[in-house]
Structure formats: C-alpha cells, structure tokens
Amino acid sequence: MTVTTDLVSYDEALESYDPVMGLEVHVELGTRTKMFCGCSTELGAEPNSQTCPTCLGLPGSLPVVNATGVESAIKIGLALHCEIAEWCRFARKNYFYPDMPKNFQTSQYDEPIAFDGYLDVQLEDGEVFRVEIERAHMEEDTGKSTHVGGATGRIHGASHSLLDYNRAGIPLIEIVTKPIEGAGERAPEVARAYVAELRELIKALGVSEARMDKGQMRCDVNLSLRPNGTTEFGTRSETKNVNSLRSVERAARFEIQRHAAVLSTGGTIVQETRHFHEEDGSTTSGRIKDNAEDYRYFPEPDLVPVAPPREWVEELRTGLPEQPLARRNRLREEWGVGAHDMQSILNAGAIDPIVATIEAGAPADQARKWWMGELARHANETGRPLDALPITPEQVARVTALVAAGDLNDKLARQVIEGVLAGEGTPDEVVDKRGLKVVSDEGALTTAVEEAIAANPGIADKIRGGKVQAAGALVGAVMKATRGQADAARVKELILAQLGVEG
Amino acid sequence: MSDHEKNQRIIRLTAAEIAGKIASGELTAVEVTEAHLARTGAVDEKVHAYLHLDREGALAQARAVDEKRARGEKLGPLAGVPLALKDIFTTTDMPTTVGSKILEGWIAPYDSTVTRKLKAADVVILGKTNMDEFAMGSSTENSAYGPTGNPWDLTRIPGGSGGGSSAALASFQAPLAMGTDTGGSIRQPAAVTGTVGVKPTYGGVSRYGMVAFSSSLDQGGPCARTVLDAALLHEAIAGHDPLDSTSIDAPVPPVVEAARNGSVAGMRVGVVKQFRGEGYQAGVLQRFDESVALLKELGAEIVELDCPSFTLGLSAYYLIAPSECSSNLARFDAMRYGLRVGDDGTRSAEDVTALTREAGFGAEVKRRIILGTYALSSGYYDAYYGSAQKVRTLITREFQQAFDQVDVIVSPTTPTTAFPIGERVDDPMAMYLMDLCTIPSNLAGNAAMSLPCGLAPEDNLPVGLQIIAPATKDDRLYKVGAAVEAAFVERWGHPLLEEAPSL
C-alpha cells in the first residue's frame, strides 16, 4: 500500500479543530444457535457445515427469532442505561452482496430494541467521561468472503472468491453512540476507553466473549472536525472494521490529523468509508458515499413484532451484574492496588482470572503475582489472551496453596505452572510426574549439608567465625545438589546447626 | 367394465369418495393413482397443467398406502387420494421451479411444511403444477414454461397464478390440488374453472417452504371440486408451525364439520356495494344476484354494506406486493442455486448476478421488482409503501365494521369469466382487474372461498361466488359453501363440472 496522505501534527490539528466522533460497535452474541435458525454458532467449523435453508436464504425458507438473542440485546440495553422498546420490529436492509444469502440483512431500522442510554468510561488518569448511547439494535451477521489470487486479500485483483456461510445469521448487536463531543485532544483516548469499557460490560453480562481478535467485536470509527469554537458538525469519514483497542485509538488519531490537513489547506472532506491499516495505523479511501446508499428499509414481514413484557425486562434488570467500572474500583480497594496497576491488570485481561483464583482460595497478592507475572508472560509469548491459557484459576490457586504449605518453593511452583501449561496435567499430577516436591527428608538434606560443608571448608570456617551471611554460598551449593527441591530456609537452619552457630 | 371405463369412473370421484373406497377395499390406492396418471397421459398434452409428473414417486406412495391397509393400520381421511401440488411448495423428490427459468431444475434440500403434512397424511402427490412465474399473474401466461389451457375452453386462461392446479382439477387429472393466494391466485382460478378454492386466514397454513412472492399476503390453501374435499385438505395442511413465525398458534377451525353441516339459516350475509359496477360482466352479475337470492331462500338475511376503501385495494396491493417481492426475489443472484449466466471466469460476481437475473426472470417479474424497488426507495417510501399500508389498515377496519353486522360477506370472485389466452398480456392493468374482488381479503388477512355458481349465459363459462369470513372463522366459509353447493347441485341436477367438455 503506497498511498501517501498529507497529515499535520496532532497538536497542530487540535490547535485549530475540535473532533466529534461517533462509534458503532458490532458485537457477535455468544448464543448457542444463530439469530433466525437453529444452526450452531461454534467458530472454526468446516466452511458451510453450519448452514440450513434459512441461513442460506434458500427459496421458501423463513426466519424464527432466537429468544436468547433478544434477551441478550435487552441485557445490553439495560446495562447501557437504555430505554427498552415496548414494541419493535425487525426491518430488511436491502443490498446485494454475495456473502449475504438473502441479499437483505434482517436488522432493525427506526424501531431499535434499546435506545437513549450512556456508558461512563474512565481514562488512564482516572477522569470519567460519559458517552451517550443512541441505540442498540439486533441484526444478523453476513457470511465471510475470502478473495483468492490477489496480492492484498481484497477483492481488487482477486481471481475468485470463496464464500463461507457459517457466520451468516450469527446474532449481532449494533451499538451506536450519539456524537461524542467535548473530548478534545483526548478523543482518541476516549474512543479506546469506550470500546474497552463496552467490551468489559459485554463480557460481564456473559452475552459474548467479545474477542476483538476473533471478530466477535468490531468497531467503526466515524470522525469529523469542526473549527474550534463552532458548533456545527463537519463532514465525517467512516473508518470501518477497526479491530483492536489500540487500532481504535490510532484510527481516530490518524483521521484527526488527516482531516486537519485537508481542512487547513482549504480542502473539503469527502464523506466516505475508509479502510484501516494495522501495519502503519493509516487509513485509505474505500467507498464514496456521496449519494448515500439506499437500503430500502421496510418492516420484515416474515417476523412478528418483538414486544418484551415489562415484568421480564424488570427481571432482567434485577439480574444485571455489577458495572465493570464500579467493580474495578471496588477490587482496587480490596486488593490495595493503584489506578495504574489496575489499568495494567485490566489491559492484560487479568481481572476475572484473578478474581476466580482468589475465590478458589488464593491470597490476592499471590493470585495477582502469578497472573500478571508468569502467566501474562506466557500469554504474550504464545499470543493468547490470559483466559485462553490451558490453566484454570483453580489450578493457579492450588499452586499457591502448595507454596503456602511449603510443599513447593517459588522456583518449583514456576515449573509446576509450566507443566500445567504444557498439558502435563493438574498441578498435583505435574508435581508427581516431574518429582517436584521440596526435599524435606532430613536425612537426605543432612547428608547434602555435610557434603557441602566438607567441600567448602573455608566458607565453613568463616561461618564458624560468626560471618553468618556467608551461609548463603553453602545454601546455594545444597540447592544445586538437590536440584532446587530443598526448602532454602530449612537448609540454612541445618547448616548453622551443623556449624554450631546461632542464626 | 373395461379398464378405461373404470378409470373414467375413478377420476370423477371426489376425494372423500376415493378415500372411502380405499379404506373399504373397494379400490386400491395404486388403481386410483394409475387412473389419474392415465388421464394425465391422455389430456395433459392439451391442458398443460403439470410442469413435472412423478409417476414412480406417486405409485410408490400409493403402494405404501395399500400396504399400510393390508397390515391393518388405520388410514387417515385422505390416505391414497391423489393431489396436484403447485410448483411453489418445495419438494425433495421433485424440482421446484415456481414457473421460473431462474429455478429450472432446482431440487430443494427440504420439504415445505405443506409437503411434509401431505406426505404424513398419505396423500399421493402426482406432480407439480404450472403457475405464473413466482405466482405473479392472473392467467398462468406468465409461466416460463408456457401457458395452461382452461378445460372449459382450451383457448382460454385457467386463471392464475394457480392455473395448473385449477386446470388439473377441472380436467379430472386430480381430485385435490394445492394453491397459494397472494391476491386471488387460488380463488380466481377456481372461479374461472368451475372448481372450489379456499384462501385460509393468513397464518392458517404454514408458509415454510412456500417460495415467497409477498410475505405479508401469501397464503397456501386447498383446491378441490367440492366444498367437503376442500375442507378435508384444509384440515390436513393447516395448523401452527414453529418454523413460520406468522403462523397462528391456535387449533384449526372445525372446517370439515362445517362442510358436513352446511346451512345458512339465520345467518346474516353481507353484500358490498363496491363489489359491482363498471367492468363487471353482465352474466357474472346475473349469476351473483341469483346466488344472493338463493341465500335468502335458504334462510339467510341479506345486509347491504358500504366499504369505500375497498376500491383502493388494488392500488395498495400493487405497491405492497411488488415492494415485498423486490426484496424476496433479491436472493436469486446465481451464487448458491438456480440459473447462472455469464460465468466465464472473467466476469465479476455482480455482472453474473445481473446477467442471470436478466435472463432468468420474465417480464412481469421484472416489472414488479422495478415497481417495488422504486416504491421502497428513500423519498418515495412514505408516499407509496407507507400510504399503501394505511389503505391496508382502512380496509381491515372496514372489514371489522362489516363483520360486526354480518357473519359472512359474498361477492363475485372475479368481474369476468375466463378470457382468451393472449388477450390481456400487453395490458397489465386489465389483467390486474381480475383480482379486484379477491385482493381486499389478502390485505386484511381474513378467509375467503370461491365456489361455482353457474355459467355466464353469454359465454357458457363458469362464474365464481366468493364467500368471505372473518379471520380465524374459516369454518363459516364451509358452512355457507356447503349449503350453497348442495342447493345449486340440486337445482342443476348435477355438479357444474359435468357440463365441461370431455376433452
């Protein structure tokens, strides 16, 4: 991609212009079956193996609404402090694309299930910013096109395309913000924090795993600039499918710089969709939207209106989990960590694993130490999120229990974790198989201590002479001899006792 | 008695009689099927009722019924009775073309709910009948596979869109047939062929597997030569279907019981002022007036009704039906099934879709897609689709007010008798007028029947009497229909169809 785009520096852009953003987030619900048929939503199946007449749009097929999908939509709406429609309909959004089996998407138009809400997000420095929510509506996902033969994987230059309809009909909730104004230079940060907070909320509700890397959550960043001090919105660009938190921030930043460059030289912004490029954080022009595409929306005649009973909505409201932001603030106090550390824990995706590990009996600091240390490193190295590691919070708690009981020392504990991650079994099984118990056989230890003293007479003399700190060298020798399986504190005691010195 | 004579007698039996004779052992299902297949062999070259005949499948089904009886199993009320299935219901063992080139040879991977129910009832499906392409038309001339002749006069139309089904009944190729009615496609063919056709209440018969024309109007229903036969078929195919969200979740109205106990004594029968006037053939009005007089003789009270919005029905219909069809037919894009034109390895998917739709759809289908696409476009939606929906509401309300005063409404089914093939092909408006009296019931979603009420004196062609009942009161159609039928047969000395030429 060798498109050069004129940019001005970020600071310069903000000197003259005020950014206004709109964020549209699509969340794939984690329902067992699709939105309008009984097909599985499991990821990773053989292409087109999870399809039926309905999600393939075969002639004569009809949709039936997934009740769990509606329930999830209402939960999301409630958690976003939205009003829940007493009566709403699905609508058909008509346009042709080969990965859309019916050539219309069953969506919602002017009657969304949830509307008029907000989400409070916390920025790095603790400032809370309120993002107003316009609406959240239900719709279905499209299939997936793979363009083959071109250099870029895009349709341009491809010799043919492959279509996989397994994704077609997977329930989506589209959450649209009202124009986000007043964020100023922090707009990109707000965008990122909003998507991050929304993700936490979705996960807390248990309605989706909201994995951006798996496309379960996708974000479009709409952005416009207006001269500082003015109120009228400028022309916006729509950057599509920005699929990581970092990218959301970068895309907003890039567009601010690009718009400013165009506007400051007297140019006009073209209303268009733009593609985001992960490699360099840039965007390039996609489809021009001058004569805005006409989707010919009309109420879906194959479905009856959705009219959630009020008692049900209230029941769902009562069952909502604690808001993630409030929860983080509570945990921060309970764990005694600072805002910055909590942010790191959040960014690492470690909150839930740590909470679960504590619930399984581990002390808070130990749980944090393992998930943010050894396990975070492993997750990084293997490119997996923490909660996808092949170790459970219960297993981590078991390791901390073994350490607390003196059965393992820190070094051995790390080896146990390593074993569990390598698929060697539970912590106890790894301990057994690898023979990782701390050597507590006094006879064996005493022999090792005697050998170490005999091999290091000079050091022994120093200790006898009162230089107790020299015992460290002998402890090291014993640990080496026992391949790390001794309890170092006990070894030191034995050495001092042998040499007749009080510790 | 020769085989030929025996067959001649079998094919003139009613469905109820056939079922009785099979159950009693007087006839075998195989004999019955063979008699009808022989009839088709003799006359269908002239009539062209069928698009596809399934000899082997039908005989196998018939044999299964005979074996069932031989094993002493109880047979259902239609076991072994042959049926002609409109080529709009999906079948796994025969092609489903909907009268269109775009689906030529397409074999559905699933049976429609109606097909499934017919098979479960041991009905013998002989084949698939001709129809206007995608059920768009009133003459069956819009079939991509050539027109069907009216058995009363092969140079005339058998009605449409279900002309194949009505012609199969009127030419004694089957005692039962299935139709679908979006604006009159069951009732109008019944009227012009001297047969009985019923459009059940919208939602009474599942639409699952019925290739959609206009989802909010389409309704499958029974076609037969007698009111009782229609009721027996109605009962077999009706009922709630979880695969069709718009299907009614309530017991099927007692249609068979009503058909066996015909009576109008003490009933209030409405006659709508707007269902006569300019464009109505004199002989049609004459037979209709005689029918009203007959109803009076039979003990009904006649009430004149004023329903001014009914005159807007045709216009509203020709906005709603094309709008929905423009969306329903978008799926025919050459990507997954059906015709594919121009895929030479160089053309884009978009071009292939365009070339396929150009080649695969007939003129009337294209006309309606274009009309509907226009009516739904932004800026026109309110004026067209929106206004049409308002008219629909008005018509529904006027029906409600009418049914506050009367039990049923009667009218001519069509303004004229069957017209010559080719007469109206270049005048869509003249063609559309055939559905003037039938359309209001589709817009309101209530139940309506057409049954023969004599021959128009000027052309000796059948005239249909339409009976309309409130939604979910389908049984009233049969109660009134059976009484009228019995009185007419008594007056004529035989069923009307006996006056049809022998072919």
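Quick notes on the rules
Residues numbered from 1 in each chain as written. Chains lettered and ligands numbered in written order. Predicted model: local features only at pLDDT ≥ 70, side-chain atom pairs only at ≥ 80, totals over all residues. Pairing = 2+ DSSP bridges. Helix = DSSP H or I, 4+ residues; strand = E, 2+ residues; numbered from the N terminus. Axes fitted to C-alpha atoms, helices over the stretch in contact; angles between N-to-C directions. Contact = placed C-beta atoms within 7 Å. Core = buried A, V, L, I, M, F, W, Y, C linked by C-beta atoms within 7 Å. Buried ≥ 20, exposed ≤ 12 C-beta atoms within 10 Å, placed from the backbone. Parallel < 35°, antiparallel > 145°, perpendicular 65-115°, else oblique. Left-handed = near helix turned anticlockwise from the far one by under 90°. Nonpolar A, V, L, I, M, F, W, Y, C, P; charged D, E, K, R; others polar. Domains from an automatic or database assignment.

1. Here we look at the sheet that holds strand S9 (residues 408-412) of chain B
Residues and elements named next belong to chain B.
Move 1: Spatial ordering of the open sheet is given by S1-S3-S2-S4-S6-S5-S10-S11-S9-S7-S8, a layout of eleven strands whose pairing is mixed. Here the strands that pair on one side only, and so sit at the sheet edges, are strand S1 (50-53) and strand S8 (301-305). Neighbour to neighbour, the strand axes of the sheet diverge by 30 degrees on average, direction disregarded.
Move 2: Sheet topology places strand S5 (residues 196-199) next to strand S6 (residues 220-224); two bridges connect them, and they run antiparallel. Residue Gly 197 lies in a different strand from S6, and its bridge partner there is Cys 223.
Move 3: Where helix H10 (residues 282-297) meets the sheet, it contacts strand S7 (268-272), S8, S9, strand S10 (447-456) and strand S11 (461-469), and its direction lies at approximately 110 degrees from that of S10.

2. Structural notes on the nonpolar core
Move 1: Membership of the largest hydrophobic core comes to 156 residues, with the highest contact counts inside it found for Leu 83, Ala 231 and Ile 467 of chain B.
Move 2: Ranked by size, the runner-up nonpolar core spans 73 residues in total, among them Cys 88, Leu 119 and Ala 252 of chain A together with Ala 108 of chain B.

3. Side note on the packing of helix H8 (residues 351-359) of chain A against helix H9 (residues 364-372) of chain A
Residues and elements named next belong to chain A.
Move 1: Remark: H8 packs on H9, axes separated minimally by 9 Å, with the N-to-C direction vectors making an angle of 140 degrees. Of the possible angle classes, the one that applies to H8 and H9 is oblique. When you trace H8 past H9, the crossing you get is right-handed. From H8, Pro 353, Ile 354, Thr 357 and Ile 358 reach across to H9, where they touch Ala 364, Ala 367, Arg 368 and Trp 371.
Move 2: Class assignment of the residues belonging to the contact of H8 with H9 gives a composition of six nonpolar, one polar and one charged.

4. Quick word on the interface of chain B and chain A
Move 1: On the side of chain A, 24 residues touch chain B, which itself brings 35 residues to the contact.
Move 2: It is helix H11 (residues 313-328) of chain B that provides the largest number of residues to the side of chain B that touches chain A, a total of three residues.
Move 3: A per-class count over the side of chain B that touches chain A returns 16 nonpolar, 13 polar and six charged.

5. Considering the domain arrangement of chain A
Residue and element names in this part refer to chain A.
Move 1: Taken domain by domain, chain A comprises domain 1 (10-312), domain 2 (323-429) and domain 3 (442-498).
Move 2: Across the contact, four residues belong to domain 2 and four residues belong to domain 3.
Move 3: Residues belonging to the side of domain 2 that touches domain 3 are distributed by class as follows: one nonpolar, two polar and one charged.

6. Topic: the sheet that holds strand S3 (residues 91-94) of chain A
Residue and element names in this part refer to chain A.
Move 1: Overall, antiparallel pairing links the three strands, which are arranged S4-S3-S14 in an open sheet. Of all the strands in the sheet, just strand S4 (104-107) and strand S14 (298-299) have a single pairing partner and so form its edges.
Move 2: Inspection of the sheet shows S3 paired to S14 by two bridges, in the antiparallel sense. Across the sheet, residue Ala 91 finds its bridge partner in S14, namely Pro 299.

7. Details of the environment of Asn 150 of chain B
Residue and element names in this part refer to chain B.
Move 1: Structurally, Asn 150 can be placed in the loop between strand S3 (124-129) and helix H6 (163-170).
Move 2: Between the C-alpha atoms of Asn 150 and Phe 419, which are 269 residues apart in sequence, the distance is 9.7 Å.
Move 3: The contacts of Asn 150, once residues within four sequence positions are left out, are Arg 156, Ile 157, Pro 158, Ala 167, Val 192, Thr 193 and Ala 418.

8. Notes on the environment of Thr 41 of chain A
All names here are of chain A.
Move 1: The residue Thr 41 is located in the loop between strand S1 (17-28) and helix H2 (67-79) in this model.
Move 2: Of the residues examined, Thr 41 has 21 C-beta atoms within 10 Å and is grouped as buried.
Move 3: For the pair Thr 41 and Ser 61, spaced 20 residues apart in sequence, the C-alpha separation works out to 19 Å.
Move 4: The contact partners of Thr 41, leaving out residues within four places of it in the chain, are Thr 31, Arg 32, Thr 33, Lys 34 and Ile 170.

9. A look at helix H5 (residues 113-120) of chain B
Residues and elements named next belong to chain B.
Move 1: All buried positions along H5 are accounted for by Thr 113, Val 114, Thr 115, Arg 116 and Leu 118.
Move 2: Of the surrounding elements, those touching the buried residues of H5 are strand S2 (82-86), S3, strand S4 (176-180), S6 and helix H8 (227-237).
Move 3: Count one or two residues on from H5 and you reach Asp 122, which has phi positive near 65 degrees.

10. Section: the environment of Phe 298 of chain A
All names here are of chain A.
Move 1: Relative to the elements of secondary structure, Phe 298 occurs in strand S14.
Move 2: Among the residues examined, Phe 298 registers 25 C-beta atoms within 10 Å and is labelled buried.
Move 3: Phe 298 sits 206 residues away from Arg 92 along the chain, and the two C-alpha atoms are 5.6 Å apart.

11. Digging into the pairing of S4 of chain B
All names here are of chain B.
Move 1: When you tally the buried positions in S4, you get five out of five residues, the bulk of the element.
Move 2: Covered by surrounding structure in S4 are Leu 176, Met 178 and Thr 180 together with Ala 177 and Gly 179, the residues of both alternating faces.
Move 3: Note: S2 against S4, two bridges, orientation parallel. For Leu 83, the partnering residue across the bridge sits in S4 and is Leu 176.
Move 4: Where S4 and S6 come together, five bridges link them in antiparallel fashion. For Ala 177, the partnering residue across the bridge sits in S6 and is Cys 223.

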